Amino acid sequence: MSKKHIEECVRESLEAYFRDLRGTEPDGLYDMLLRAVEKPLLDVVMQHAGHNQSRAAEWLGMNRNTLRKKLAQHKLI
């Protein structure tokens, strides 16, 4: 899956979200989007990394302690 494909999926989902709002202004959209994306991102990366936190942190470009904190926040550990 290319970066372009992921961007297109996000764009299409956001367009659908705004259509569903029918003119109502969104609130906290940035944080809502990050919460919606972060958990499945962490879950899928951990699965593909064989639940190796050091490897997953490296793939994600973050510190392992930061990854552990985020995994705990999303109840993935």
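Everything discussed here concerns the structure shown above.
Remember, predicted model here, so these are calculated numbers, not experimental data. Throughout, residues of each chain are indexed from 1 in the direction in which the sequence is written. Only residues with pLDDT of at least 70 are given local features in this predicted model, and only at 80 or more are side-chain atom pairs given and counted; all residues enter the totals for whole chains, interfaces and linings. Calculated side-chain values reflect all of the structure's heavy atoms, with hydrogen atoms and water omitted.

With that out of the way, let us pick up the overall build of the chain. Starting at the N terminus, helices and strands are each numbered in turn, a helix being any DSSP run of H or I of at least four residues and a strand any DSSP run of E of at least two. In terms of regular secondary structure, the chain is built from four helices and zero strands. For the chain, the N- to C-terminal ordering of α and β elements is α-α-α-α. For the chain, the spread of C-alpha atoms along the principal axes amounts to about 45 × 25 × 15 Å. Should any heavy atoms of two residues lie within 4.5 Å, those residues are considered in contact. Long-range pairs, those at least 24 residues apart, make up 28% of the contacts in the chain between residues at least 6 apart in sequence. In the form shown here, the chain has an accessible surface area of approximately 6300 Å², with 51% of it arising from carbon and sulfur atoms. Neither His nor the chain ends contribute to the count of charged residues, in which Lys and Arg are positive and Asp and Glu negative. Every charge is mapped to an atom, namely NZ of Lys, CZ of Arg, CG of Asp or CD of Glu. Seen as two clouds, the 13 positive and the 11 negative side-chain charges of the chain have centres 8 Å apart. Calculation of accessible area relied on Shrake-Rupley with a 1.4 Å probe; when residues are assessed, cover is drawn exclusively from the protein chains displayed.

Bringing the pattern of salt bridges into the picture now. By convention in these notes, a salt bridge is any Lys or Arg side-chain nitrogen within 4 Å of a carboxyl oxygen on Asp or Glu. What the rule picks out here adds up to one salt bridge. Notably, a salt bridge pairs K70 with E38, separated by 2.8 Å at the nearest N-O pair. Here K70, found in helix α4 (residues 64-73), pairs with E38, found in helix α2 (residues 29-48); they are 32 residues apart in sequence, far enough to count as distant.

Here, the term nonpolar core denotes a set of buried Ala, Val, Leu, Ile, Met, Phe, Trp, Tyr and Cys residues that are joined through side-chain atoms within 4.5 Å. Three exposure classes are used, based on accessible area relative to the maximum for each residue type with a 1.4 Å probe and protein chains only: buried under 20%, partly exposed in between, and exposed over 50%. The biggest cluster of nonpolar side chains holds eight residues, and these are L42, V45, M46, A49, A56, A57, L67 and L71. The element best represented in this core is α2, accounting for three residues. Not counting the four nearest positions on each side in its chain, A49 is found in contact with R55, A56 and W59.

Let us look at the packing of aromatic side chains. For this analysis, a ring pair means two rings from Phe, Tyr or Trp (six-membered ring only for Trp) whose centres lie within 6.5 Å, classed as stacked if their planes differ by under 30 degrees, edge-to-face if by over 60, and tilted for the remaining angles. Under the defined criterion, the tally for this structure stands at one aromatic pair. Seen from their ring centres, Y17 and F18 are 5.9 Å apart, and the 80° between their planes marks the pair as edge-to-face. With a relative accessible area of 25%, Y17 lands in the partly exposed category.

With respect to the secondary-structure elements, L34 resides in helix α2. Among the residues examined, L34 registers a relative accessible area of 44% and is labelled partly exposed.

In this section: the side chain of Q53. Take Q53: it is sitting in helix α3 (residues 53-60). Pairs of N or O atoms are called polar contacts if they sit within 3.5 Å, as long as, within protein, a hydrogen donor faces a hydrogen acceptor (for residues adjacent in sequence, only side-chain-to-side-chain pairs). Polar side-chain contacts of Q53 include one of 3.1 Å to the side chain of R68. Discounting chain neighbours no more than four positions away, the residues touching Q53 are M46, R64, L67, R68, L71 and I77.

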